[in-house]
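Report on the structure
Residue strings, one per chain:
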Amino acid sequence: MGKKVTVVGAGFYGSTTALRLAEYDIFETVVLTDIVEGKPEGLALDMNQSRAIEGFETKIVGQATGKNGEGYEAIAGSDVVVITAGLPRKPGMSRMDLLEVNAGIVRGVAEQVKKHAPNAVVIVVSNPLDEMTALAQIATEFPKNRVLGQAGMLDTARFTNNVAEELGVKVSSVKTLTLGSHGDTMVPVPSRCTVDGKPLADLLPAEKIEELVVRTRNGGAEVVALLKTGSAYYAPSAAAARMAKAVAEDSGEVLPVCAWVDGEYGISGVYLGVEAEIGAEGVKKVVETALTDAELADLKAAAEAVRTKQADVATL
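A brief structural summary.

The rules behind these values
- Residues numbered from 1 in each chain as written.
- Predicted model: local features only at pLDDT ≥ 70, side-chain atom pairs only at ≥ 80, totals over all residues.
- Heavy atoms only, no water.
- Axes fitted to C-alpha atoms, helices over the stretch in contact; angles between N-to-C directions.
- Helix = DSSP H or I, 4+ residues; strand = E, 2+ residues; numbered from the N terminus.
- Parallel < 35°, antiparallel > 145°, perpendicular 65-115°, else oblique.
- Left-handed = near helix turned anticlockwise from the far one by under 90°.
- Contact = heavy atoms within 4.5 Å.
- Patch = residues over 30% accessible without salt bridge, like charges linked within 9 Å, V, L, I, M, F, W, Y side chains within 5 Å.
- Areas by Shrake-Rupley, 256 points an atom, 1.4 Å probe, with all protein chains shown as cover.
- Salt bridge = Lys/Arg side-chain N within 4 Å of Asp/Glu carboxyl O.
- Buried < 20%, exposed > 50% of the residue type's maximum accessible area, 1.4 Å probe, protein only.
- Nonpolar A, V, L, I, M, F, W, Y, C, P; charged D, E, K, R; others polar.
- Pairing = 2+ DSSP bridges.
- Right-handed = clockwise from strand over helix to strand, strands pointing away.
- Phe/Tyr/Trp six-rings, centres within 6.5 Å; stacked < 30°, edge-to-face > 60°.
- Lys NZ or Arg CZ within 6 Å of the ring centre and 35° of its normal.
- Core = buried A, V, L, I, M, F, W, Y, C linked by side-chain atoms within 4.5 Å.

1. A closer look at the packing of helix H6 (residues 152–167) against helix H9 (residues 234–248)
- Remark: H6 packs on H9, axes separated minimally by 8 Å, with the N-to-C direction vectors making an angle of 130°. Comparing their axes, H9 and H6 come out oblique. Of the two elements, H6 crosses H9, and the hand of that crossing is right-handed. Packed against H6, whose contacting residues are Met153, Leu154 and Arg158, the element H9 presents Ala235, Pro236, Ala239, Arg242 and Met243 at the interface.

Given below as structure tokens:
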């Protein structure tokens, strides 16, 4: 206890993340902010009233914020800041369609984090994820290891669920991995996928594995198309909360995240989905894993695709 975490944005994603973090009962305070006056305060009150039922002591504080930074003093001293602020996708939209509008939002938030929580680890979840992570680092001017994005955990969880459903097995028996970007150049890694320790390739034909890979790559769009309004938040919030927990506990856990890559896999100078050891300073180190030649080629292609887009965000 004694730790403080802030979640910026009190939409479905942000509010669910805040509640998950509070229910871990490892933080003294969870701050939930939003630009809609009364919304974060009301949600915080509701969550606090659940403490006696769920048995946690973490205090949730709701705080409305203004365009000129009003209210952001509430995040002062945060150990972790999770940025969920931004518009969600609508049916037919790609993540890149959100680039310009969300860039303005994320830059504004990041500048306030720099001012009020200069020692925080920042976890970005706003889309397009890879670009917004790069922008948050530019705006905060934090060391690159202290700014990371939530993508690989979610995509890996989707891949795992798809495999478990296809084979009719327990989710806990399936191990999968996705790297690359959170989008079209996502790189699921079938060579690292096992079921009860057995290689996935021994259990499913290549064409079926490819179907599951495609479904994983389009996992967010599948949810958006079904919902009609809004986008996924239960699985994404679970991923973001677990990353924040790893930071708060300085766990050293190896998780698939969007991290700054500087030499690993022969790739340098880009935020990319990789496995990384997570702790109190954010990314302790990027962990290279064995890939097939085809998977490594796909990862390098993903790096070049996102590199160009990330270079563009510096002016947004």
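2. A look at a nonpolar patch on the surface
- There is a patch of nonpolar side chains on the surface, built from Leu87, Val101 and Ile105 and spanning about 220 Å² of accessible area.
- When you line up the elements, valine 101 lands in helix H4 (residues 99–116).
- Valine 101 sits in the partly exposed class, given a relative accessible area of 39%.

3. Points about the packing of H6 against helix H7 (residues 206–217)
- At a minimum axis separation of 9 Å, H6 and H7 run at an interaxial angle of 140°. The angle between H6 and H7 places the two elements in the oblique class. Helix-helix and strand crossings are classified by hand; for H6 and H7 the assignment is right-handed. Here Asp155, Arg158, Phe159, Asn162, Val163, Glu165 and Glu166 of H6 lie close against H7, whose contacting residues are Lys208, Leu212, Val213, Arg215 and Thr216.
- Residue classes in the contact of H6 with H7 are distributed as 4 nonpolar, 2 polar and 6 charged.

4. Regarding the pairing of strand S2 (residues 29–34)
- The buried count for S2 comes to 6 of 6 residues, which makes it a mostly enclosed element.
- Where strand S1 (residues 4–8) meets S2, 5 bridges bridge the pair, whose relative direction is parallel. When the bridges of S2 are listed, valine 5 appears paired with valine 30.
- Each parallel crossover has a hand, and the one from S1 via helix H1 (residues 12–24) to S2 is right-handed.
- Two strands pair when backbone bridges link them, and S2 and strand S3 (residues 59–64) are joined in this way by 6 bridges, in the parallel orientation. When the bridges of S3 are listed, aspartate 34 appears paired with alanine 64.

5. A look at unusual backbone geometry
- Cis geometry marks the peptide bond from asparagine 127 to proline 128, where omega comes out at -5°.
- With respect to the element layout, proline 128 can be found in the loop between strand S5 (121–124) and helix H5 (129–140).
- Phi angles above zero are rare outside glycine, and aspartate 196 is one such case at about 50°.
- Its place among the elements puts aspartate 196 in the loop between strand S10 (194–195) and strand S11 (198–199).
- Classification of aspartate 196 by relative accessible area gives exposed; the value is 61%.
- Of note in this structure, tyrosine 265 is not a glycine but carries a positive phi near 60°.

6. Thoughts on the packing of aromatic side chains
- Per the stated rule, a full pass over the model turns up 3 aromatic pairs.
- Ring geometry for phenylalanine 12 and tyrosine 233: centres 4.8 Å apart, planes at 15°, overall stacked. Of the two residues, phenylalanine 12 is situated in helix H1 and tyrosine 233 in the loop between helix H8 (219–227) and H9; the sequence distance between them amounts to 221 residues.
- For phenylalanine 12, a relative accessible area of 59% puts it in the exposed group.
- On the basis of an interplanar angle of 70° and a centroid distance of 5.2 Å, the ring pair of tryptophan 260 and tyrosine 271 is categorised as edge-to-face. Separated by 11 residues along the polypeptide, tryptophan 260 in strand S12 (residues 253–262) and tyrosine 271 in strand S13 (residues 268–279) bring together distant segments of the chain.
- According to the relative accessible area criterion, tryptophan 260 is partly exposed, its value standing at 27%.
- Taken together, the ring pairs connect Phe12, Tyr233 and Tyr234 into an aromatic cluster.
- Looking at arginine 146, its charged tip hangs above the ring of phenylalanine 142, at a distance of 4.4 Å from the centre.
- Stacked on the ring of tyrosine 24, the Lys or Arg lysine 245 has its end atom at 5.6 Å from the ring centre.

7. What about the environment of glycine 38?
- Checked against the element boundaries, glycine 38 lands in the loop between S2 and helix H2 (39–48).
- The sequence separation of glycine 38 and threonine 140 amounts to 102 residues, and the corresponding C-alpha distance is 27 Å.

8. Details of the nonpolar core
- Within the largest apolar cluster, 53 residues are counted, with the highest numbers of intra-cluster contacts made by Leu272 and Ile278.
- Ranked by residues supplied to this core, first place goes to H9 with 8 residues.
- Ignoring any residue separated from it by four or fewer positions in sequence, one finds leucine 272 in contact with Gly180, Ser181, Val257, Cys258, Ala259, Val261, Ile267, Leu299, Ala302, Ala303 and Val306.
- One finds Tyr72, Ile83, Ala120 and Tyr271 within the second-largest nonpolar core, a separate group that totals 28 residues.

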